[in-house]
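Chain by chain, the residues run as shown.
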Amino acid sequence: MTQATRVPATGGTAAGSPAPRGRQHSSKVTVIAWALTLPSLILYIIVQLMPVLQGMRISLTDWQGVGDLNYIGFENYAKVLADQDTRDAIVRTVIYAALGSAGIVGLGLFLAAAVSRGVKWSGFYRVIWFVPGVAPGMATAIFWAQSMAPNTGAVNAILGGLGLGNNHNWLGDKDLALLPILFVTIWGGVGFTFLLLLGSMESVSEEVYEAASLDGSSEMRTFWSITIPLIAPILATVALLAFIGTANNFGVVYAMTQGGPGGATEIIPSLVYRRAFLQGDFGGASALAVMSGLVLMVLGMIGVRMGRSRQEA
Amino acid sequence: MTLASKRTKLVVGTAGVALLGLTACSSGSSTGSGAAADDKVLTVQVLTGDQNPAIAEAVNKGFLAQNPGWTIKTELIAGDAMGSTNLTKMSGNNPPDVGMLNHQQPAYITMIKNKQLVELGDVWKAANLDTRYSAELNKALEREGGHYSMAISQGFINIIFYNADAFQAAGITEPADHRFASMAELKSAADKLRAKGLEPLAFGGKGNGSISHLVSGTLQTAATGDQLANYETTYNPSVPITANFTDPAFTKAVETVKAYQDQKIFAEGANSSETDAAQASFVAGKAGMLHNGYWAAPALTDKAAGVKFKLGWALIPPVDGAATPLKKLDSFYAINYCIASKAKHVDMAKKYLEYLVSVEAQTNATIKVGSQIPSVNDVPEANLAGLNPMVAEMALDANKNGTAFAWGPGVPDKVGQSMIGTALNKMLTGQATVAEVGQTAQDALVAFRQDSK
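Residues numbered from 1 in each chain as written. Chains lettered and ligands numbered in written order. Predicted model: local features only at pLDDT ≥ 70, side-chain atom pairs only at ≥ 80, totals over all residues. Heavy atoms only, no water.

How do you make sense of the overall build of chain A when you look at a structure like this?
On a plain count of helices and strands, chain A comes out with 13 helices and zero strands. Reading chain A from its N terminus to its C terminus gives the helix and strand order α-α-α-α-α-α-α-α-α-α-α-α-α. Each of the 313 residues in chain A was classed as buried or not, and the buried ones make up 39%. Here the contacts in chain A between residues at least 6 apart in sequence split such that 62% fall between residues at least 24 apart. When the accessible surface of chain A is totalled, it reaches about 17600 Å², and 67% of it is carbon and sulfur. (Helix = DSSP H or I, 4+ residues; strand = E, 2+ residues; numbered from the N terminus. Buried < 20%, exposed > 50% of the residue type's maximum accessible area, 1.4 Å probe, protein only. Contact = heavy atoms within 4.5 Å. Areas by Shrake-Rupley, 256 points an atom, 1.4 Å probe, with all protein chains shown as cover.)

Looking at this model, I keep getting lost on the overall build of chain B. Mind explaining?
The secondary structure content of chain B amounts to 20 helices and 15 strands. Its C-alpha radius of gyration of 25 Å places chain B within 12% of the 22 Å reference for a compact globule of 453 residues. Per-residue burial for chain B yields a buried fraction of 56% across its 453 residues. For chain B, contacts bridging at least 24 residues in sequence account for 76% of all contacts bridging at least 6. Carbon and sulfur atoms form 54% of the exposed surface of chain B, whose accessible area is close to 18100 Å². (Rg over C-alpha atoms; globule rule 2.2 N^0.38 Å.)

How should the sheet that holds strand 9 (residues 199-202) of chain B be read in this particular structure?
Residues and elements named next belong to chain B. An order of 9-10-8-11 is seen for the four strands of this open sheet, with the pairing classed as mixed. In the strand order of this sheet, the two ends are held by strand 9 and strand 11 (311-315), each with one partner. Here the average twist between neighbouring strands, direction ignored, is 20°. Examined bridge by bridge, strand 8 (residues 159-163) and strand 10 (residues 287-292) share four bridges and lie antiparallel to one another. The partner of Tyr 162 across the bridge, within strand 10, is Met 289. Packed on one face of the sheet, helix 13 (residues 275-283) meets strand 8, strand 9, strand 10 and strand 11 and runs near 150° to strand 10. (Pairing = 2+ DSSP bridges. Axes fitted to C-alpha atoms, helices over the stretch in contact; angles between N-to-C directions.)

I'm lost on the pattern of salt bridges in this one. Help?
Residues and elements named next belong to chain B. Tallied over the full model, the rule gives 18 salt bridges over all chains. For Lys 187, the salt bridge identified is with Asp 191, shortest N-O distance 2.9 Å. One end of the pair, Lys 187, and the other, Asp 191, are both in helix 9 (residues 183-195), four residues apart, so they sit about a helical turn from each other. On the basis of relative accessibility, which here comes to 28%, the residue Lys 187 falls in the partly exposed class. (Salt bridge = Lys/Arg side-chain N within 4 Å of Asp/Glu carboxyl O.)

Is there a simple way to explain the interface of chain B and chain A in this structure?
Bring the parts together and some accessible area is lost; that lost area is often taken as the interface size. Across the boundary between the two partners, chain B contributes 41 residues, which contact 41 residues of chain A. Summed over both partners, the interface of chain B with chain A comes to about 3100 Å²; 57% of that surface belongs to carbon and sulfur atoms. Inspection of the region where chain B meets chain A yields one salt bridge. Ionic pairing is found between Lys 426 of chain B and Asp 85 of chain A, a salt bridge with its closest N-O pair at 2.6 Å. Viewed at the interface, chain A and chain B are joined by nine residue pairs in polar contact (both at pLDDT 80 or more). (Buried area = accessible area lost by both parts, 1.4 Å probe. Polar contact = N/O pair within 3.5 Å; in protein donor to acceptor, adjacent residues only side chain to side chain.)

The following block contains the structure:
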C-alpha cells in the first residue's frame, strides 16, 4: 500500500504551512536589491537616458535653442553627412581615437609589465605614472598648449637650448597639430590604464610563471604567450574604453586648438559644440552626436561580446 | 511584523529617499520664484568678467535713486551662457526682467519672430536713440524691422598697440594720427622690429575671434560705404544682395589678411596663439606690437601689471588701393540688453533700459566705473575724463573721424565671425585659396537667407 503524497494547492507547499526558507529569503533579497538600485536607476533615467532621448528628438528638428521643435525628419542627418568638413571630422576622429587608444594601451601595458616584474623603484613608478591621470584634463591641455608655443613656450625653450630651434609651431601647422594633441591625450590617459593592467597582471598566479620558467621560457615569450592571453579580457576592455574615451575627448582638443588650425584637428565632439553653441544649429549638432553615439555603442557591444567570449574560452 | 508590512515599509522608505534625492537634484533659480509678494523687485542679468558687475552696480544705484521703493536683483551669467542656457531662461516662463542676449546667435532672430522679445520702439523714442546712437549702431541693433536690444557701451577692435621705445630703437616713425598709412608702412615696421630681435605683431590667432576681426577691419577700406552696408545687412532675406562675397571688394580684404602672414607681419606661431599669450609676449617686451581691442588698454597701462615701456596705439592700415582710404575705428556692440515678453515688470524694465543710456548712467557707470566708451554720442567731452587716457583718445578719434561697423561680429555667427574665422584659418594653413574663402562666405549667406525665410 502506497501512501499518496499530498500535492499542495499553491506554491508547491502544503496548504497552511509556511513557504520554504530558501524561497522566502530569495524574494526578500530581490526586494532589497530593487530598493537599493531604484534611486540610482531613477537618477540614471533622468540624468542620462532622458537627455539622450531628447537629443535624438532634437536631431529630427531645426531647433535653434529656443521656441517649439519643428520636425524636419532626417534632413539634419543628410545635411551633416553631405558636409565635407563633417566627413573629414569623422575620419579624423577615428584616426585620433585609434592612435590615441593604441598609445594609451601600448604604453600602459609596457609600464605595467615593467612594474609588475619588480623593476627597481616600482613603488615610486606606481604613483608617478598615475599622477597625470588625476590632473584635470582641461588644465593639463592648456598647460601643454602654452608650453608648446613658439619662442615663449617651455618645450621650445628647451629645444632651443639643445640647439634644435625654438620656434616650432606644431599647434599652428595643419599637418602636425594632431601630434601634440595625441601626446597630451596619451600622457593623460595612460595612468588609469596602467593601474588596471597592473592589477590584472599581478593577479596572475606566480606558479604559472614558475612553470613557464621551468620549461625554459624566456621573459619575452612568457609575456606574449602567457601574460597577454591571461589578461586579454581586461586588455580588451581597457582598449575599448580608451577608444571611446579618446573619441569623445572634447576637452583636450578644444583647449589646445579649438579644432584648428583651419579645422585641421576638428573631431566630432568639438564640431558638435561649434554647431550647437556657436552657430545655433542644435538640430544638426544633435544629429552628429547621435550618429557618433550609435557608432560607439555598436563598437562597445562588439567589444563586450569579444571580451565575454574570451572569458568563456 | 509580517513580511508584507516589512516589504511595504521598505518600498515606501526607498521611494521617499528617491523623491528627496530628486528634489535635491532639481535645478532652477530658487530665489525669486513664487515671490508673489515681491512685486517691486526688478531682475537684471549681468555678464561676468571685466568691469561688468561693477558697472551694473553703479547703474542700479543711480536707477534706484530715481525709483524709490524698488529693489534690483542681479543674476550673473557667463558669456558662453548667452548663446546656450540663457536662451532657455529668456524664452521660459520665468525670465529676468532685463536680460542679456548675443545678437549674433540665430536664436535671437527666432525669439524676435516668435514674439518672445519686447520691441523697444517706445524706449528708442523716449531716449531719442535715433539721434543719440550712431547710424551704425542703429543699423546694427535693428532686426526684423524693429529694435529689440540696447547697447550700454561700444567697443573698438583692430587696435595695434605698439612699444614706442622699441620703435624708436628700431628707427621706426610712430604712425601719424594713430594710423599706419599703408600696408607697406606696417611691413616696414615689422621688418625693422625683426631685425632688432623682436617679434613684430603679436596676434591671438587661435580660434575665430581675432582673425575675423581683422578681415572686418580690412573690409572697411576695401569696400565702398554702400558695399559695406550691404554686407552688413544681407543676412536678412528681405534685403537684396548687391555686394557678393565673391566680389573684388571682399576678396581684396581677404588677400590683405593673407598678406599679414605672407609678409611676416604676424609674430611666429600667431595662428596657434591665444590672445592672452600674445598680450603677455608684448608686455614682456618680446613683441613690438600687439593686435587686440580697446579693452586691453586699461590692463596695458596698469602701473603694476602693465607695460614698462612707452605705449602707443594705432589703427590697422587701409588695404592697398582702398576704395575707402580713411581707416576708422571698427566698432561693435556684442553685449545687448533686452526684455523678454514674459518678464514680470516690462514697463519698469523699459525705464531701466532708458536709464542705461542716459548721460548720467553713461558717465557714472560706463565711463567712470567701466572705463568703457559710451554707446551714445551726447556725453559731454569733459565727462570722458573718467576714461582710461588711451581709451579717451580713441573716443575722441571716434568723435572726430567717425566709426565703421565691424562686419564679422555684427552679423549672425553662421554668416559672420564663426564662419569666416574657420575659412580664413584654412586659407592661412594652405587648405583654401582666397577665392574659396569668398565662395564659402557667399554659400553661407545664401544658405542662411534660405533657412531664414
